[in-house]
Each structure stands twice: as C-alpha cells, then as structure tokens.
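Structural features, examined
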Amino acid sequence: MIRRNFITKTIVLFFLLSATKVFAVEGMWIPMLLKSLNEDEMKNMGLRLTADDIYNVNTSSLKDAVFLFGRGCTSELISDKGMLITNHHCGFGQIQSHSSLENDYLKYGFWAKELKEELPNKGLTATRIVRMENVTTQVMAGMADYDNTVKKLCSDAVAGTHYTAVVRPFYYGNEYYLFVTEVFKDVRLVGAPPSSIGVFGGDTDNWIWPRHNADFSIFRIYVDKNNKPADYSESNVPYKPIKHLEVSLKGVKEGDFTMVYGFPGRTQEYLPSYAVEVITADLNPMRIKMRTASLAVIRAAMIQSDALRIKYASKSAGIANAWKKWQGELKGLNRLNAVEKKKIFEAEFLQLAKNDPNYSNLMKDFEGLYKTYRPLAWSLEYYSELFTNGAEIVRLSSALIEPYEKYKLLTTQDTATVRSFKKQINESLDKFSASLDGFFQNYDVEVDKKLMKAVYPIFFEGVGDSNISVLAKKEWLLAKMNADAFTNNQFSKTMFTNKDKLKKWVEDTKKSFSKGMKLLEKDKIFLLSKDVYGKYNHDIYPQFITVNTNIQDKMTLYMKGILQYLGKKKRLYPDANSTLRVSYGKVQGFSPVDGTNYNWFTTIDGIVEKYKPGDYEFDLLPKFLELYKQKDYGRYAQNGVLHVAFLASNHTTGGNSGSPVLNADGQLIGINFDRAWESTMSDIMYDPEKCRNIIVDIRYVLWVMDKYAGAKYLVDEMTIVQ
Ligand code: ARG
Ligand code: GLU
C-alpha cells in the first residue's frame, strides 16, 4: 500500500515536472525561421496554424498585422479600417499631449465618436515589416567597407518602392539580416480609457502580479487615396490593411497555447560569467541604492501636496520602473546562481572547443578585459545615475556647456568658423530657452535640494576617490563632507532655480556673449555641471568605450564558437534587438517563492477589492463602480466572471509592450504589457519555472470599450470570433 502510494506520487510528480518543462519555451524566435526551428514544437504544444500563416512574404500572413509603434513598442491591427491597438503606457505621450485641464483625457479617457474626431500625432509612426532576408554572406564579403556595403544592400532592396530598409547585426555580428519596412506617418488617437482603468494600480502594481489594469489605447493608421503611407493630411483616409487580427471571445484557460508577436528591445542571454558578476555584484545594487534615495525624496514630496504629486508623477514613474525591474532581476539572478551556471556553461563550451586554438585563451581574455571593465562600468553607471537622480538643475545647466565651450574657442578660430560657431551658440541658447517652460512646469526647488542632499553623498562615497571630478571633490571637502552644507553652498549662487532669470539671461547673452558667459562662469551649479559632465564625457566614457569595444570583439568570437560548437546540440536564438520576433508558451500561473502559488488570471472583483477612494493609484470613477454593481458582462464573461489579466510563459522583454497575444488559431486573446518582477532576470537568464509575462485579457478591453466608454461602434468594426 505504502509502496504503491510512493510510486503513484513519483509518477504524478514526474508528470508535473515534465509538464512544466514542456509549457514554457525560452527564446525570441526569428519569424522566417519558425518553419525549420519551431513549427513542430509549436504544433505539439497546440498551435493549429503553420509557420507560413505566421510569416510569409508571398501572401498575407499574421506578420502584416503586427506594427512597431513609435520607436519602442508593438501594436497590431484589429480592423479592416486600420484600427491599431497598443498599451496605454505606449500611447501615454500622445494621450497626455492632447490633454488639458478642460479636456483631461488622462483622467477621464478619450473616445472619438467618428473618424473626424480622431486626433493626429506629430512624429508618431507605425511600421510594418514587408520582408526580411539573411544577408550575412553579402555583409561579410563587404566587411572592409561596411557602411557602403550596407547602404547598397538597402538601396537595392527598396529600389522603385516607397519602402525603407535597414540591416541589423544578430549574434554579435555573426549574422546580418535586412529588413524592408513600410513606415506609416499619419497615426491618429482613437480612444483611451481613463487612467483609473488603464493605469489602475500605478507604480505600486507595476511589474506586479496580481494585476488589474486595462493597459490599452486605440489608434488608427491613415494613408493617401492610393492606400500608401503619407504625411498627415486632412484628406487622408483609413488604411486598408493586408491583414488584420481576428479578436477572440472564446476564452482562455490554463494550459492553452499562446504566442507573442512583437518587437522585443534588448536581451543579453550570452553574457560571460564575468559580465553577470559585474551586474549582480556591482551595478544593480548600486543603481538600486541611488534610486531608493531619490525615490524616497520624490515620494515624500508627492504626498505633501497635489501640486507636487502632479509635478513629479511622471518622473517617479520613470525612475521607479527600472528601479523595480533591477531588484527583480538581481534577486532572480542570485536565486538562479546565474554566475555559477554561466561558469558551468563556459567549461562545457571550452570542452567542446578544446581542439580549436581560437578559443584557448578566450576565457582568460574575458577575465582580463572584465578586470579593466569593472571599475569603469562602475563609475560610468554611477555618473549616469547621478545625472538621472541627483539635482535636476545640474542636468538642466549641462545644456549650456557646449555653447560655453564654443564661446571660449571663438578667439582662436578663422572668420568662417567664428561665424558658424556664433550661429550655433545662438541656436543652443534658443533651444535652452525653449526648454525652460516645460522644465519648470515640473520643478520644485526644495525637492531638488533634497535630491542633491540625498544622492550626492552616496555618489561621493561610492564612486571612488579617483573617479570624483576635481571641482566636485574640492567642494565636497570644503563642505566637510556634510550633505547640507554642500547642497546649500551649491544652491547659494545660481540662476538655474529661476525660470525668469534664465530667460532674461538668454536674451542678454544673445546681445553680448561676453557679459552673459562671465555670469555663467560664476554660477555654482553651472560650474559643478561642467565639472561632473566633463569628467564623464572626457575621461570616464572614452575609457569605457575602449575596453567595451574590445569586449564586443571578443563577444563576436565567443558567439561564433557557441553557434559552431553548441549550435549542433542545442537550438539557439539571437538576443532581442528590436526586430520582429515570436515567443510561444502557455497560459500558466507560477510560484514566485516557496509556499505561494499565483493563479493564472485576475477578475474585476479584484479591482474593486483594491479600490481606495481618493487614492492616487487605486481610485475608481463612479461610472465604473455603477457598472460593477450591474454586473453586465454579457459575452465578455467566462462562466459569469469578467477576467481582467492573465499570465503566460512567453519569453518577452521591454518593447513587447502592446504585442498581440495570440491563441492556437492566431486570434487575439490579449495584449502583452508587463512581466512579473520575479521574472525580469529573463533578459539575462530565462527560468521556465518563474518567467511569466502579464497580459490584459482582450475581453476586458472590449468590455471597457463597449460598456464603459460607450464605444460599441469600435467593437463592431472588429472581426469578432466566438
Ligand atoms: N513595467 C512596464 C514596462 O516596463 C510598464 C511601465 C509603465 N507602467 C507604470 N505603472 N509605470 O514598460
Ligand atoms: N512594460 C514593458 C514595455 O514597455 C514590457 C515589460 C517587460 O519588460 O517585459 O515594453
């Protein structure tokens, strides 16, 4: 009896283990290679399409519905009239730019009721991949004149079309792919939910499961009358796409096949152990420490008054996003023993390559290079975190370093150069002046002083004596290493805290360079800025670049060896580089730490559970609460329950925001918008047990559009399958 029980248990356990193994698949795969590398596995996991349905250049395929949104997000077409969906946080800049106190679209949402109410967005593009091609042979053959080789490949590829082309290195320059793209330049805002729905949970919930926000916004691509991309014009019409996605109301259940199609930005899966050690032992802890200090100041200010909350909301979101990600990444890498695992991998690699003289010194070389790299990366990152988190006027005044330095050179130049320098100085001054309204709209002197007090001491103590710039060090010692004294002294003699003074200074300086520049030379903040930025730009950064270039060369060699020796045993994928990729996995919960188990979905009940009236992140509008009472979920519910978000095991990263999450039939079931923070080490090392992406259920998105926003006409424009 006991024995039988043991056997059953073992079998069950074995099944569980092997089941989890099959669920998650590491990798961001190249669409044109799915057929040879992934199709069988995808079908075994449940996919009912062929690789050709996903990527095909001869007929329409799913790829024609997936667009790069702006420069860093993904979006997808969901109607035959060019309707695009992406994340709320991807459309945030546009939504904000159309918002005012009278029309607060951020707070109350925005819905165009007809085409002519849709709002144009200067500079916003949506880009379709027309085709991709492996051009490794051609690039390698023309490597001696790389720039011209690439230029020629691109111009040949687009000759006689309105397309553009780029060539991108893969595998650290061991392969090259050419991408022909079609760039659409008239992309209009159609709709966005209120922030209390789209950003519900705010920074507190960012990177967190369980999650309860509908992170989506709706745009539309417009074209000229020939259905071709065109600059904004009133006469443009909605784009008639080659392909748009079907939207599924069929529901989702745990274990279902999912795939994410999008533009992941950057991963570093092949770093050597030495690099991972620098990240886990030095860089991430330091960045986290700097940001913990600045966030404490900003958050304390934000609860002081509404005015400060509004001023610092977007800054705190930006600082906190990476801060939280790094914490998850650090924890995840340590838990995985990532450095050890990398060492084992390196030993295995050396064993396979032991007869190849190209690799006999590689690890020794890495060791030596990373010895030089480590302190340089440390100070480089320290400076860059100082610029992000320390007093903001230091960064503001850094815009005047270049015009000042040009001014100092005027006496030594010939007449033509003097004329051009003067023109450039005036341009820089105008640009600086134009930036002031925006800067001071979100600025508070007292908060800024506190930032200097909190952040500079950490920098001085941590960056290492020899890396502190000369003047900063002198001032720090003069202040007897007292943060208050140092800060008060720096702020005591400066015009950079005062917008009107600065504007006047610009006007005066344009009349007389010498008078203005003399004043600048006595400004404490400008001098500090010139000193710290000077150290960074003229000393630390060039040194860093030298060693990093050597490291990248070795990475090219290392990667070549990995492809050659491990590529035979193991299917490999290139790091993310903002090009189109497919990740696949399954709908799946997870256990972030021992003793916990995360369910794979959340529901609208959880929103109301988190509701905190009047809170900046967890408030709800009356209309939402009213609808919640009515429980009118109709066809958007699953067994009477309205699902909000779900988890899946797709390998994703920044840039996958807004990516379509597709079911086994290639129908849209959700929009990717985040990862759980316990997963974020997947940029460096993926763990199938812990890596989950966070998706807003498309049925919740449609419910918000239909029932909350009264925009059923947009839902009706889609191709719904149920
Ligand atoms: N963590 C997500 C990403 O990396 C979402 C960020 C925006 N949301 C926020 N609450 N700050 O982009
Ligand atoms: N929010 C991220 C983005 O904007 C996606 C989250 C991630 O890093 O996976 O792309």
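Let me sum up the structure you'll find in this document. Everything numeric here is computed off the predicted structure, so don't read it as measured data.

Some points on the overall build of the chain
For the chain, the count of helices and strands is 27 helices and 20 strands. A globule of 722 residues ought to have a C-alpha radius of gyration of about 27 Å, and the chain, at 27 Å, matches this closely. Overall, the chain is about 85 × 70 × 65 Å in size when its C-alpha atoms are taken along their principal axes. Within the chain, the proportion of its 722 residues that are buried is 55%. Looking at the chain alone, contacts between residues at least 24 apart form 79% of all its contacts between residues at least 6 apart. Approximately 31900 Å² of the chain is accessible, and the part contributed by carbon and sulfur atoms is 54%.

Examining the site of ligand 2
The full set of residues close to ligand 2 is His89, Trp207, Thr653, Gly654, Gly655, Asn656, Ser657, Phe673, Asp674 and Arg675. Between ligand 2 and the protein, one listed contact pairs an oxygen atom with a backbone N or O atom of Gly654 at 3.0 Å. Between ligand 2 and the protein, one listed contact pairs an oxygen atom with a side-chain N or O atom of Ser657 at 2.4 Å. In the complex, the protein chains occlude 87% of the 300 Å² of accessible area that ligand 2 would expose alone. Broken down by element, the shell around ligand 2 gets its largest block of residues, three residues, from strand E18 (residues 668–675).

Some remarks on the site of ligand 1
Near ligand 1 the following residues occur: His89, Gly202, Asp203, Asn206, Trp207, Asn321, Phe673 and Asp674. His89 is positioned with one of its side-chain polar atoms (N or O) 3.4 Å from an oxygen atom of ligand 1. Contact between ligand 1 and Asn206: a nitrogen atom at 2.7 Å from a side-chain N or O atom of the residue. Looking at the shell around ligand 1, the elements that each hand over two or more residues are helix H10 (202–205) and E18. Grouping the constituent residues of the shell around ligand 1 by class yields two nonpolar, four polar and two charged.

Looking at the pairing of strand E19 (residues 693–697)
In terms of burial, E19 is largely enclosed, as five of its five residues are buried. Residues Asn693, Ile695 and Asp697 point to one face of E19 and Ile694 and Val696 to the other, with burial holding for every one of them. Relative to E19, strand E16 (residues 643–648) is paired through four bridges, and the arrangement is antiparallel. If you follow Ala648 over to E19, its bridge partner there is Asn693. Note that E18 and E19 share five bridges and pair antiparallel. Each residue of the ladder has a partner; that of Asn672, found in E19, is Ile695.

Considering the packing of helix H20 (residues 483–492) against helix H23 (residues 524–566)
Between two packed helices, what matters for the description is the angle formed by their axes and the separation of those axes. Direction vectors running N to C along H20 and H23 enclose 110°, while the axes themselves pass 6 Å from each other. Taken as axis vectors, H20 and H23 run roughly perpendicular relative to one another. Seen from H20, the contacting residues are Phe486, Asn489 and Gln490; seen from H23, they are Lys524, Ile525 and Leu528. For the contact of H20 with H23, a count of residues per class yields three nonpolar, two polar and one charged.

Some details on the pattern of salt bridges
Overall, the coordinates contain 46 salt bridges when judged by the stated rule. Put simply, Glu626 and Lys629 hold a salt bridge, and the shortest N to O gap is 3.9 Å. Here Glu626 pairs with Lys629, and both are found in helix H25 (residues 622–630), just three residues apart, close to one helical turn. A relative accessible area of 64% places Lys629 in the exposed class.

Structural notes on the pairing of strand E6 (residues 126–134)
For strand E1 (residues 66–69) and E6, the ladder comprises three bridges, and the chain directions are antiparallel. What sits directly across from Phe69, in E6, is Ala126. Sheet topology places E6 next to strand E8 (residues 175–184); eight bridges connect them, and they run antiparallel. From the neighbouring strand, Thr127 faces E8, where its bridge partner is Val183.

Re the environment of Tyr359
With respect to the helices and strands, Tyr359 occurs in the loop between helix H13 (338–352) and helix H14 (362–389). In the structure, Tyr359 is positioned 10 residues away from Phe349 in sequence and 9.4 Å away in space, judged by C-alpha atoms. In this view, Tyr359 contacts Phe349, Leu350, Ala353, Leu557, Tyr558, Lys560, Gly561, Gln564 and Tyr565; residues no more than four positions away in its chain are not counted.

A few points about unusual backbone geometry
Cis geometry marks the peptide bond from Trp209 to Pro210, where omega comes out at 0°. If you trace the backbone, Pro210 turns up in the loop between H10 and strand E10 (217–223). Even without being glycine, Tyr172 reaches a positive phi, approximately 50°. Along the chain, Tyr172 turns up in the loop between strand E7 (164–170) and E8.

Remarks on the nonpolar core
By size, the foremost hydrophobic cluster in this structure holds 194 residues, and its most contacted members are Met259, Phe496, Tyr700, Trp703 and Met705. Element by element, the count of residues in this core is highest for H23, at 16 residues. Within the second largest apolar cluster, 16 residues are counted, among which are Val297, Ala301, Trp326 and Leu451.

Here we look at the state of the cysteines
Within this structure, the stated rule accounts for one disulfide. Across the disulfide, Cys73 is cross-linked to Cys90 (sulfur-sulfur distance 2.1 Å). Because the torsion about its S-S bond is -75°, the bridge between Cys73 and Cys90 counts as left-handed. Residue Cys73 is found in strand E2 (residues 73–77), and its partner Cys90 is found in helix H5 (residues 88–97); the two are separated by 17 residues along the sequence.

Rules used in this analysis
- Residues numbered from 1 in each chain as written.
- Chains lettered and ligands numbered in written order.
- Predicted model: local features only at pLDDT ≥ 70, side-chain atom pairs only at ≥ 80, totals over all residues.
- Heavy atoms only, no water.
- Helix = DSSP H or I, 4+ residues; strand = E, 2+ residues; numbered from the N terminus.
- Rg over C-alpha atoms; globule rule 2.2 N^0.38 Å.
- Buried < 20%, exposed > 50% of the residue type's maximum accessible area, 1.4 Å probe, protein only.
- Contact = heavy atoms within 4.5 Å.
- Areas by Shrake-Rupley, 256 points an atom, 1.4 Å probe, with all protein chains shown as cover.
- Near = heavy atom within 4 Å.
- Polar contact = N/O pair within 3.5 Å; in protein donor to acceptor, adjacent residues only side chain to side chain.
- Nonpolar A, V, L, I, M, F, W, Y, C, P; charged D, E, K, R; others polar.
- Pairing = 2+ DSSP bridges.
- Axes fitted to C-alpha atoms, helices over the stretch in contact; angles between N-to-C directions.
- Parallel < 35°, antiparallel > 145°, perpendicular 65-115°, else oblique.
- Salt bridge = Lys/Arg side-chain N within 4 Å of Asp/Glu carboxyl O.
- Core = buried A, V, L, I, M, F, W, Y, C linked by side-chain atoms within 4.5 Å.
- Disulfide = S-S within 2.5 Å.

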